[in-house]
Amino acid sequence: MKKQTLHIMMLIGAAFLNMSILFVGPAQSEQFTVDSYLATVQQHNKDLLLAGKDKDLAEVQKKEAFSQALPSVGLEAGYTRNITDYYMYLKTSSIMPGSSGLIKAPIRRDNELSSTLALQQTLYSPSVGSAIKASKQYDKLTNYVYEATEQNVLTGARKLYYQCIFLEKVLDITKAAEENAHENYRIMKLKFDNGQVSEFDLLQAETRWRGTIPDIQQAERNLKLALNSLKNLAGIDISEDVSLDGSLDDIPVMPERTPVESVFNIRPDFQALTWEKELRKTNIEANKNAYKPKVTGTLAYAYSSQSDKMKLEEENNLLFVGINLSIPLYTGGYLNAQVQKAEVEMKKTDLSIQKSREAISTDLENAWLMCEEAMKRIESADTTRKTAERAFQIAETTTRNGLSTQLQLKDARLAFDQATIGYYSAVYDYISARHEWNLAVGKAGL
């Protein structure tokens, strides 16, 4: 009876499992438009997350610098249990003139309690002012570094997205070529069976069809590799299926040429160098300020008590204020070396700015030339594609009518496929160059 009950329960469980599979269905792949993909990159890309942590660190350093100008309050407390006595020795002559000898008097109790509450405030310190100034400049610097990192990552993401779209198109063209070759082989097989074509024509058709299969495998491999890179850039699990909702049919218009001088104020990487220069100036100032005096004020309250019993007796309360002046007189040349080091770093930043100016000018010119060349290639490739398509259609018709050979049909189809891939390759190159142009003019994040 128990075995029958167990068997029935297993059957019911299997039925529910099958029903759940039926209703849930296969897992759906996540679909990305270019905008939703870029949003995912901004949220999960590791380089952007690291750059974001640098921004957080800059904010903390700014708080740290301001804290040096604010008062600090500290409390110290201690308890001592004296195991042995501590004595003070006095000459009896100091009490009774003319006498000689020593008086031995204990000056400590068994239990001692002491505590001090102190407030310290920097009254004058040029170094503190330099630190606050530098923290604000570093905050600006990290913001521009983050923006530059974001623009580079987003440019790479856009190019990778459209590269996957292009490789999908290549795969579609390759599959279409295989289907066409297979259909042609099927027709030639029927004609051969009816004695209308020779075995040589049939073998040529079969060779053409089977020769397209490795092309599909290669196109699939290239697409999978690109999709893996696309997932990695956006922090998507490598095992997750994704699909892209985009096309290469919308071709952006040619950009307007931009004067290079107007780009310097827009490019975040160049602005980061500008703020780095300001930071270097402040660093020189801070190291020179190390020669200047520092004045610190103190307000403190001290309480102490001692007793041979475990209670508060023989109490003392003390309230005092003080001012401390600190002036470096000789440091063995250390401070001078720090100033010289800061000046060298300043000169290195000046050279980096000059180098960046030249690189930006080159980037701008190269990006324009790439856009211009790719646009011209699109126009030429489109004409070639249409011509090759018409030639293939004629070759297909004449081959089926026995007026052309399978070799001529193969050449026509190959030319048509290459022309189509060449067209979409030119479109992808132009879109890629267009994004490089946006990066060059500092508008890749738009």
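The rules behind the values
- Residues numbered from 1 in each chain as written.
- Predicted model: local features only at pLDDT ≥ 70, side-chain atom pairs only at ≥ 80, totals over all residues.
- Heavy atoms only, no water.
- Helix = DSSP H or I, 4+ residues; strand = E, 2+ residues; numbered from the N terminus.
- Rg over C-alpha atoms; globule rule 2.2 N^0.38 Å.
- Buried < 20%, exposed > 50% of the residue type's maximum accessible area, 1.4 Å probe, protein only.
- Contact = heavy atoms within 4.5 Å.
- Lys, Arg positive; Asp, Glu negative; His and termini not counted.
- Charge placed at Lys NZ, Arg CZ, Asp CG, Glu CD.
- Salt bridge = Lys/Arg side-chain N within 4 Å of Asp/Glu carboxyl O.
- Patch = residues over 30% accessible without salt bridge, like charges linked within 9 Å, V, L, I, M, F, W, Y side chains within 5 Å.
- Areas by Shrake-Rupley, 256 points an atom, 1.4 Å probe, with all protein chains shown as cover.
- Axes fitted to C-alpha atoms, helices over the stretch in contact; angles between N-to-C directions.
- Parallel < 35°, antiparallel > 145°, perpendicular 65-115°, else oblique.
- Nonpolar A, V, L, I, M, F, W, Y, C, P; charged D, E, K, R; others polar.
- Core = buried A, V, L, I, M, F, W, Y, C linked by side-chain atoms within 4.5 Å.
- Left-handed = near helix turned anticlockwise from the far one by under 90°.
- Phe/Tyr/Trp six-rings, centres within 6.5 Å; stacked < 30°, edge-to-face > 60°.
- Lys NZ or Arg CZ within 6 Å of the ring centre and 35° of its normal.
- Pairing = 2+ DSSP bridges.
- 1 Å grid on protein atoms, 1.4 Å probe; cavity = no way out; pocket = protein on both sides within 12 Å on 5 of 7 lines; lining within 4 Å.
- Points joined across faces, edges and corners; volume = space filled by probe spheres on them.
- pLDDT = per-residue confidence, 0-100.

Honestly, the overall build of the protein chain in this entry has me stumped. Any pointers?
Along the backbone of the protein chain there are ten helices and eight strands. For the protein chain, whose C-alpha radius of gyration is 41 Å, the value lies well above the compact-globule estimate of 22 Å for 446 residues. Dimensions along the principal axes, computed over C-alpha positions, put the protein chain at roughly 150 × 90 × 30 Å. Every one of the 446 residues in the protein chain was classed for burial, and the buried ones make up 32%. Restricting to contacts in the protein chain with at least 6 residues of sequence separation, those with at least 24 account for 82%. Side-chain charges of the protein chain comprise 52 positive and 57 negative groups, with the mean position of each set lying 5 Å from the other.

Please explain the pattern of salt bridges as it appears in this structure.
Any two side chains of opposite charge can pair if their charged atoms end up close together. One pass over the structure, following the stated rule, counts 22 salt bridges. Between Glu436 and Lys159 there is a salt bridge, with the nearest N and O atoms lying 2.7 Å from each other. Of this pair, Glu436 sits in helix H10 (residues 406-440) while Lys159 sits in helix H4 (residues 126-193), placing them 277 residues apart in sequence. In this structure, the salt-bridge partner of Arg377 is Asp429, at a minimum N-O distance of 2.9 Å.

I tried to follow a nonpolar patch on the surface on my own but got confused; where do I start?
Side chains of Val73, Leu75, Leu117, Leu119, Leu299, Tyr301, Leu319 and Val321 sit close together on the surface and give an oily, nonpolar patch of about 800 Å² of accessible area. Mapped onto the nonpolar patch, the elements with two or more residues apiece are strand S2 (72-81), strand S5 (111-124), strand S7 (294-307) and strand S8 (316-326). Structurally, Leu75 is set in strand S2. The class for Leu75 is exposed, based on a relative accessible area of 64%.

Which parts of the structure should I look at to understand the packing of helix H3 (residues 46-67) against H4?
Two quantities define a packed helix pair, namely the angle between the axes and the distance from one axis to the other. One can describe the packing of H3 onto H4 by two numbers: an axis separation of 9 Å at closest approach and a directional angle of 170°. Taken as axis vectors, H3 and H4 run roughly antiparallel relative to one another. Of H4, the residues touching H3 (which contributes Asp47, Leu48, Ala51, Gly52, Asp54, Lys55, Ala58, Glu59, Gln61, Lys62, Ala65 and Phe66) are Ala131, Ile132, Ser135, Lys136, Tyr138, Asp139, Thr142, Asn143, Tyr146, Thr149, Glu150 and Val153. Class assignment for the residues of the contact of H3 with H4 results in ten nonpolar, six polar and eight charged.

It is not clear to me how the nonpolar core should be interpreted in this structure. Could you clarify?
Nonpolar side chains in soluble globular proteins generally cluster together in the buried interior. Within the largest apolar cluster, 57 residues are counted, with the highest numbers of intra-cluster contacts made by Tyr37, Tyr161, Leu244 and Leu248. Listing elements by their share of this core, those giving two or more residues are helix H2 (34-44), H3, H4, helix H6 (213-234), strand S6 (242-244), helix H8 (268-289), helix H9 (334-400) and H10. Looking at this core element by element, the count peaks at 14 residues for H4. For Leu248, the residues in contact, after removing those within four places along its chain, are Tyr162, Ile165, Phe166, Tyr424, Val427 and Ile431.

Can you walk me through the packing of H9 against H10 in this structure?
Remark: H9 packs on H10, axes separated minimally by 7 Å, with the N-to-C direction vectors making an angle of 160°. Taken together, H9 and H10 sit at an angle that is classed as roughly antiparallel. For the element pair H9 and H10, the recorded crossing hand is left-handed. Its residues assigned to classes, the contact of H9 with H10 comprises 26 nonpolar, seven polar and ten charged.

How should the packing of aromatic side chains be read in this particular structure?
Following the criterion strictly, the structure yields nine aromatic pairs and no others. Each ring, one from Tyr423 and one from Tyr424, has its centre 5.1 Å from the other, and the planes form 70°; the classification is edge-to-face. On the accessibility criterion, Tyr423 (11% relative accessible area) is buried. An aromatic cluster is built from Phe32, Tyr37, Tyr161 and Tyr162, whose rings are joined through pairwise contacts. Above the ring of Tyr146, the side-chain terminus of Lys55 is found at 4.7 Å from the ring centroid.

Is there a simple way to explain the sheet that holds S5 in this structure?
Strands in a sheet are paired, the pairing made by backbone hydrogen bonds, and the direction either parallel or antiparallel. The sheet built from four strands is open, its strands ordered S2-S5-S7-S8 with antiparallel pairing. Whereas interior strands pair on both sides, the edge strands pair on one side only; in this sheet they are S2 and S8. Ignoring which end each strand starts from, the neighbouring axes of this sheet average 20° apart. Here eleven bridges tie S7 to S8, and the two strands are oriented antiparallel to one another. Each bridged residue has a counterpart across the sheet, and for Tyr301 the counterpart in S8 is Leu319.

Honestly, the layout of surface pockets in this entry has me stumped. Any pointers?
Of the volumes computed, that of the largest pocket is approximately 340 Å³. Around the largest pocket sit 16 residues that line it, and Ala177, Thr212, Asp215, Leu414 and Asp417 are the ones nearest its centre. Elements with a minimum of two residues in the lining of the largest pocket: H4, helix H5 (199-211) and H10. For the lining of the largest pocket, the per-class residue count stands at six nonpolar, five polar and five charged.

Explanation requested: the confidence of the model for the protein chain in the structure shown.
Detail in the predicted coordinates should be disregarded across regions flagged by low pLDDT. Looking at the protein chain as a whole, its pLDDT mean stands at 86, while 93% of the residues score no less than 70. Taken element by element, the predicted model of the protein chain shows its lowest mean pLDDT in helix H1 (residues 2-24) (41) and its highest in H6 (94). Across residues 1-27, confidence stays below pLDDT 50; counting only partners more than four residues off in sequence or on other chains, it has zero contacts.

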